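Fold and geometry: a report
Each chain is listed here by its residues.
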Amino acid sequence: MFNLFSRAFCPALVLISGLVSCAPDEKQKDKFVAPPPRIIRGGQAVELQTWDRDANKNLDIQDLVDASAAHPASIDVVSRCRHGQRDMDHKIQKSGAQISVFQLLPAEILAGDLREKPVTCSFEMILRNGQGSKHIFNIAFAQIKDERDPTLIIGRVAQNPIRRRERLTLPTLEGLRVRADLLPQGQAHVLCQDFKTAEIQYQNTVQLGDLDFARLIVHPGKPANAGDVRPLQLCRAVVSEAGLPQAVSSIFELQLPRRPVEINAVSLPYRTPDSATPIARGFLGGQGAPVGDYRMTNVSAGTRWLKIPKGGLPARMTIAGDREVLGSILRPYVFLSKPGGVLKEEQDHWLVAIPGNSSVPFSAGLQVPPIFSKHSPYEPSNTAAVIFDFPSLEVTELSEYGSELGRIPLALGPRMFIVVRPTAYLGSLPQQIPDKPLMGL
């Protein structure tokens, strides 16, 4: 059972059904009697007794916990939160009588989407007076929500703020400003799930393009190369003073650049006239031809999820003779075999996972265009070479959550040609693949 607070409290001093209670030893010793704090929600004060009677006790990150009736000189808060199956603690100390709920949350929770993954927190609040006497209250088992509009707005103009969970890339950060009307000067940074940027000083407005995303400060427990391992992060802009957040923006997605996926040919068996001739008659007879074996390599540190099309990629094919072009550009199709690392197979694609710094194999082959058949007018004795310019293989990259990150064009390699005339008549043909198509093509 999830029990954040097992400390026994005196029943006679329980103020709100065990939800808000005092520590009797401290109270009797220090003689500091503090009334319970209140919740300030949308400018309206809610007494904790009223809040406690709500069947679904919740706190929005924009709510305030107000202890001004106690006139504390300072407040210490220990937060204990359950995020999924994880427990996380967070501590703050501040002067004054009001604390924003977002100030009470661990960075990883604040950077997450609270509308998707429920978070429950309990808070131990220690109020101190000017003499150092203290009074302890506990607010337990509050569901944390993010539904109210933030006071920190990101946009290019005041009337055009970015949308919640809008996806931004580093180039699109240029020109985006954070309006910090409530805190005209201070520090600003972007807080993400696995890291944050260094703080910069600002006056009145913050330019997100001024933040340094080349040197990220990784949260404890996260990999040092967190931006490469998980390039799509949920983030918020934060303005702070003396190291304590004073306002936070709505959540947005930040997509960091990644190193490219590479395709390397392992075997291209039909690259010279002698090797290609044995398959020429079969190819013209409608049997197709293999292209080669390849490896797709993820040179980044983290796993990458790719949607790879099964086939139907149009290739450029030219038929050339000794003295003339016997056929112009035709369109055979490249089809892929089932690659390694398949997580899921759909009708038109595979979903493939490639771990960091790893490769998966696949093969490709050509389907003969309809013009080639057993009754084709282009008999082997009439044709010198068939030249193929392969298309790029366009794969779609997905995030770990399944959202699309973008498309990656991957080249299948250099031009291939096969010879379709018996070897006794090959004297005038090149013995290696030409840099340019034959006959000026």
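Bear in mind the structure is a predicted one, so any value in this text is a computation, not a measurement.

Analysis parameters
Residues numbered from 1 in each chain as written. Predicted model: local features only at pLDDT ≥ 70, side-chain atom pairs only at ≥ 80, totals over all residues. Heavy atoms only, no water. Pairing = 2+ DSSP bridges. Helix = DSSP H or I, 4+ residues; strand = E, 2+ residues; numbered from the N terminus. Axes fitted to C-alpha atoms, helices over the stretch in contact; angles between N-to-C directions. Phe/Tyr/Trp six-rings, centres within 6.5 Å; stacked < 30°, edge-to-face > 60°. Buried < 20%, exposed > 50% of the residue type's maximum accessible area, 1.4 Å probe, protein only. Disulfide = S-S within 2.5 Å. Salt bridge = Lys/Arg side-chain N within 4 Å of Asp/Glu carboxyl O.

What follows concerns the sheet that holds strand 7 (residues 98-100). Sheet architecture is open: four strands sit in the order 2-1-4-7, paired in antiparallel fashion. Among the strands making up the open sheet, the edge pair consists of strand 2 (44-47) and strand 7. In this sheet, adjacent strand axes meet at a mean angle of 30 degrees when their direction is disregarded. The sheet contact formed by strand 1 (residues 38-41) and strand 2 spans four bridges and is antiparallel. From the neighbouring strand, Ile-40 faces strand 2, where its bridge partner is Ala-45.

What follows is about the packing of aromatic side chains. Enumeration over the complete set of coordinates arrives at one aromatic pair. Ring geometry for Tyr-294 versus Phe-362: centroids 5.3 Å apart, planes at 15 degrees, classification stacked. Residue Tyr-294 is found in strand 22 (residues 289-298), and its partner Phe-362 is found in strand 30 (residues 358-367); the two are separated by 68 residues along the sequence. The residues Tyr-294 and Phe-362 share a single accessibility class, namely buried.

This part is about the state of the cysteines. Here the structure, examined in full by the defined rule, presents two disulfides. Across a sulfur-sulfur distance of 2.0 Å, Cys-192 and Cys-235 are joined as a disulfide pair. Here Cys-192 and Cys-235 share a disulfide; its torsion about the S-S bond, 105 degrees, makes the bridge right-handed. In this pair, Cys-192 sits in strand 13 (residues 185-192) while Cys-235 sits in strand 18 (residues 232-241), placing the two residues 43 residues apart along the sequence. The pair formed by Cys-192 and Cys-235 is uniform in burial state, with each residue classed as buried.

Our focus in this paragraph is the pattern of salt bridges. For the structure shown, the criterion picks out 26 salt bridges. A salt bridge links Asp-63 to Arg-148, with the nearest nitrogen and oxygen atoms 2.6 Å apart. Note that Asp-63 is positioned in the loop between strand 3 (58-60) and strand 4 (64-66) and Arg-148 in the loop between strand 9 (134-145) and strand 10 (153-155), a separation of 85 residues in sequence. Under the relative-accessibility criterion, Arg-148 is labelled partly exposed at 31%.

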